[in-house]
Amino acid sequence: MDFNFVLDENFLAYQILKRRMHDESKEMSEVKRQLSLNNLSGYKKLIGEEILDSFSNLISNNLDARKLIDELIMTDKFMNLYEDYKDLSKDTVAIKILIGEIKEDAELTEIKDHLWDKYQDAYRSILSIGSSHISNLFLDEDVKDIIQDFEEMEIFKKMYRETEKYLDDVKRSWKENKDMINSFLKRVLRIDFTINPTVYITHPNANAGYSFEENKIAWGHFRGVDDLNYNLTYLVHEGLHCLLPYASSATEEECDIVHSIIELISDYELYSLLRGESSFKEGHTDILEYKKFIYPYWLRYIGLNANQISKRLREDGINIEALDDGECEDLSMMNIHQFIKFCMEKYKVSVLSADKIIK
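Below or above, wherever it landed, is the structure these notes cover. (Residues numbered from 1 in each chain as written. Predicted model: local features only at pLDDT ≥ 70, side-chain atom pairs only at ≥ 80, totals over all residues. Heavy atoms only, no water.)

### Some remarks on the side chain of Ser266
Moving on, step 1. Turning to its location among the elements, Ser266 is positioned in helix 15 (residues 252-275).
Moving on, step 2. Relative accessible area serves as the criterion here: at 0%, Ser266 is assigned to the buried category.
Moving on, step 3. Among the polar contacts listed, one links the side chain of Ser266 to the side chain of Asp267, at a separation of 2.7 Å. (Helix = DSSP H or I, 4+ residues; strand = E, 2+ residues; numbered from the N terminus. Buried < 20%, exposed > 50% of the residue type's maximum accessible area, 1.4 Å probe, protein only. Polar contact = N/O pair within 3.5 Å; in protein donor to acceptor, adjacent residues only side chain to side chain.)

Structure (structure tokens):
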């Protein structure tokens, strides 16, 4: 695995204007306000108010898509979230929630899982349209104008210089650790992982970390300024999303299992290795239960015996039983694709068994 690092002025400007920055200054907030007054259409498109243009056809002609959005809007959770987005329409906020542009907690994840189960085809159509939104955005004349205006300001030039320094630190850290990390990935993946995603570096205060389109990553996080290992961990995390994409037919449950395994590889195993202490509780809290279910199998997959697994569980403060030496003994012979399939099947069996007990 390797990365092609890019500092693109337009993408950087887009990330700064679109996101609420970590520790955002009054000056930056005022700049955004002035830009919005000067080019309201461009600003609305940037922050997502006019994201509905991309979805209007679907919402008008697909009854289930309309029902899906309406059902989300009617929840108490949505109304609580909407308090922070009252400058946008309810449909816009609902779409942003569904395509993952608004941070979620366990309660919102549960609501989205329910809606996925109930309106899977419509939900899948919304996700498909959402994935192409960023590329189309940069072709819009209003958006191009507001980005150009911002790039000519001294505050942007200052943030660009800060991002350049951050990029230099990230590139140097990756170069110094790349061989060790790839050796680690070779041990745990056991498949060809020759991949070279393009990483669009953003200002660290943008707190951006996601993969998009094909083999593209947006990255910049304030925690990575002082902790360079944090950058390495989450670059690998997003690289693994590129390497192990969700199947187009995958259920929400199957996506969560893949995501949990990616977190065990990068956020846990790699980050623990880099910083010399357990980081099991790093990552998304909404998939923690999946991680706990998979974890004993994961430890067997990486070659630990029952005693070693028990020791690791105690060190990580996780109250689950280790597997017997005779259970799942072939896991250490699997590759990552086989292990993902194994975990999906195991989880389905556990859910069915739990349903029978309840009945």
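There's more to say after this.
### Here's the deal with the sheet that holds strand 4 (residues 216-220)
Moving on, step 1. Reading across the sheet, the four strands line up as 1-2-4-3 and stay open at both edges, with mixed pairing between neighbours. Only two strands of the sheet have a single partner each, and these edge strands are strand 1 (4-6) and strand 3 (208-212). For this sheet the average axis-to-axis angle between neighbouring strands, irrespective of direction, equals 20°.
Moving on, step 2. Here helix 14 (residues 228-243) sits on the sheet and contacts strand 1, strand 2 (198-201), strand 3 and strand 4; the angle it forms with strand 4, its principal contact strand, is near 160°. (Pairing = 2+ DSSP bridges. Axes fitted to C-alpha atoms, helices over the stretch in contact; angles between N-to-C directions. Contact = heavy atoms within 4.5 Å.)

### Digging into the environment of Lys77
Moving on, step 1. Here Lys77 is to be found in helix 6 (residues 76-82).
Moving on, step 2. For Lys77, a relative accessible area of 13% corresponds to the buried category.
Moving on, step 3. Spatially, the C-alpha atom of Lys77 lies 8.7 Å from that of Ile111, the residues being 34 residues apart in sequence.
Moving on, step 4. Ignoring sequence-local partners within four residues, the contact set of Lys77 consists of Asp105, Glu107, Leu108 and Ile111.

### A closer look at the packing of helix 12 (residues 154-189) against helix 14
Moving on, step 1. With their axes 9 Å apart at the nearest point, helix 12 and helix 14 run at an angle of 55° to one another. Judged by the angle between their axes, helix 12 and helix 14 are oblique. Relative to helix 14, helix 12 is oriented so that their crossing is right-handed. Here helix 12 contributes Tyr166, Asp169, Val170, Ser173, Trp174, Asn177, Ile181, Leu185 and Leu189 to the contact with helix 14, which in turn contributes Leu228, Asn231, Leu232, Leu235, Val236, Leu240 and Leu243.
Moving on, step 2. A breakdown of the residues in the contact of helix 12 with helix 14 according to their chemical character gives 12 nonpolar, three polar and one charged. (Parallel < 35°, antiparallel > 145°, perpendicular 65-115°, else oblique. Left-handed = near helix turned anticlockwise from the far one by under 90°. Nonpolar A, V, L, I, M, F, W, Y, C, P; charged D, E, K, R; others polar.)

### Observations regarding helix 12
Moving on, step 1. When the terminal C-alpha atoms of helix 12 are compared, their 46 Å separation across 36 residues is substantially less than the 52 Å that a helix rising 1.5 Å per residue should span.
Moving on, step 2. Along helix 12, the largest kink reaches about 55° and is centred on Asn177.
Moving on, step 3. Once helix 12 ends, the next one or two residues include Arg190, with phi positive near 60°. (Expected span 1.5 Å × (residues − 1). Bend = angle between axes of the 7 residues up to and from the residue.)

### What to know about unusual backbone geometry
Moving on, step 1. Positive phi outside glycine occurs at Arg190, with the angle close to 60°.
Moving on, step 2. Relative to the helices and strands, Arg190 resides in the loop between helix 12 and strand 2.
Moving on, step 3. The phi angle at Asn207 is positive, at roughly 50°, despite the residue not being glycine.
Moving on, step 4. Along the chain, Asn207 falls in the loop between strand 2 and strand 3.

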